[in-house]
Amino acid sequence: MATTELTRENFEDVLAGGDMILIDFWAGWCGPCRFFAPVYERVSEKHADIVFGKVDTEAQQELAGAFQISSIPTLVIIRDRVVLYAQPGALREPELERLIEEARAVDMDDVRRRAAEHQHSA
């Protein structure tokens, strides 16, 4: 699957339509972003069941702000509307594949249970 350009206008629809979403926050002037872009694109072709989105932080400052992006590239992994991973830095293909497999392996029922327990204790 090719990557999808995420904007403020389509973000909610894309989020609602995918169980797992990877988001690459980038900018055209960013060297590490240009290094990471072809890696991200290649990996997206291998995982048709995952939505791979890209957010141009220059054009979509509101989205970047909502995710508190302070360094790019930043990769965010969301599963069932829960952020599982959000870290800056360009990854190599094996690292990105490993992250995807780790995100797939997360027990989301356990994540929701822990979140509920945390809310009750707060």
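Computed from a prediction, not measured in an experiment: that's the story for all the values here.

Reading guide: rules and limits
- Residues numbered from 1 in each chain as written.
- Predicted model: local features only at pLDDT ≥ 70, side-chain atom pairs only at ≥ 80, totals over all residues.
- Heavy atoms only, no water.
- Core = buried A, V, L, I, M, F, W, Y, C linked by side-chain atoms within 4.5 Å.
- Buried < 20%, exposed > 50% of the residue type's maximum accessible area, 1.4 Å probe, protein only.
- Helix = DSSP H or I, 4+ residues; strand = E, 2+ residues; numbered from the N terminus.
- Contact = heavy atoms within 4.5 Å.
- UniProt positions renumbered as here; feature names shortened; annotations may be inferred.
- Axes fitted to C-alpha atoms, helices over the stretch in contact; angles between N-to-C directions.
- Parallel < 35°, antiparallel > 145°, perpendicular 65-115°, else oblique.
- Left-handed = near helix turned anticlockwise from the far one by under 90°.
- Nonpolar A, V, L, I, M, F, W, Y, C, P; charged D, E, K, R; others polar.
- Bend = angle between axes of the 7 residues up to and from the residue.

Caption draft 1: Quick look at the nonpolar core. Of all hydrophobic cores here, the largest spans 19 residues; its most connected members are Ile23, Phe25 and Ile72. Looking at this core, the elements with two or more residues in it are helix 1 (11-16), strand 2 (20-26), strand 3 (51-56), helix 3 (61-66) and strand 4 (74-79). For this core, the element with the highest residue contribution is strand 2, accounting for 4 residues. With residues near it in sequence (within four places) discarded, Ile23 still touches Leu6, Phe11, Tyr40, Gly53, Val55, Phe67, Thr74, Leu75, Val76 and Ile78. Of all hydrophobic cores here, the second largest spans 15 residues; its members include Met20, Phe52, Leu75 and Leu96.

Caption draft 2: Representation of the UniProt feature "site: Deprotonates C-terminal active site Cys" (unreviewed entry) in the protein chain in the model. Here, UniProt's "site: Deprotonates C-terminal active site Cys" (unreviewed entry) annotation points to Asp24. Note that Asp24 resides in strand 2. Classification of Asp24 by relative accessible area gives buried; the value is 0%. For Asp24, the contacting residues outside a window of four places in its chain are Phe36, Tyr40, Gly53, Lys54, Val55, Pro73 and Thr74.

Caption draft 3: Representation of the packing of helix 2 (residues 31-46) against helix 4 (residues 93-105). Put simply, helix 2 and helix 4 touch, their axes get as near as 10 Å, and they point 45 degrees apart. By the angle class used here, helix 2 and helix 4 are oblique. As helix 2 runs across helix 4, the sense of the crossing is right-handed. Judged by residue contacts, Phe36, Val39, Tyr40, Arg42, Val43 and Lys46 of helix 2 engage Glu93, Leu96, Glu97 and Ile100 from helix 4. Here the residues of the contact of helix 2 with helix 4 sort into 6 nonpolar, no polar and 4 charged.

Caption draft 4: Representation of helix 2 within the structure. In helix 2, a bend of some 25 degrees at Ala37 exceeds every other bend along the element, and Pro38, a proline, comes one to four places later. Buried residues along helix 2 sit in contact with strand 2, strand 3, strand 4 and helix 4.

Caption draft 5: Up close: the side chain of His47. Note on placement: His47 falls in the loop between helix 2 and strand 3. The buried category is assigned to His47, whose relative accessible area is 8%. Ignoring any residue separated from it by four or fewer positions in sequence, one finds His47 in contact with Phe52, Glu97, Ile100, Glu101 and Arg104.

Caption draft 6: Representation of unusual backbone geometry in the model. Here the bond from Ile72 into Pro73 is cis, since omega is 0 degrees, no more than 30 degrees from zero. Among the structural elements, Pro73 can be located in the loop between helix 3 and strand 4. We note that Gln68 has phi near 55 degrees; this positive angle belongs to a residue other than glycine. For Arg81, which is not glycine, the phi dihedral falls at a positive 65 degrees. Of note, Arg81 is situated in the loop between strand 4 and strand 5 (82-88).

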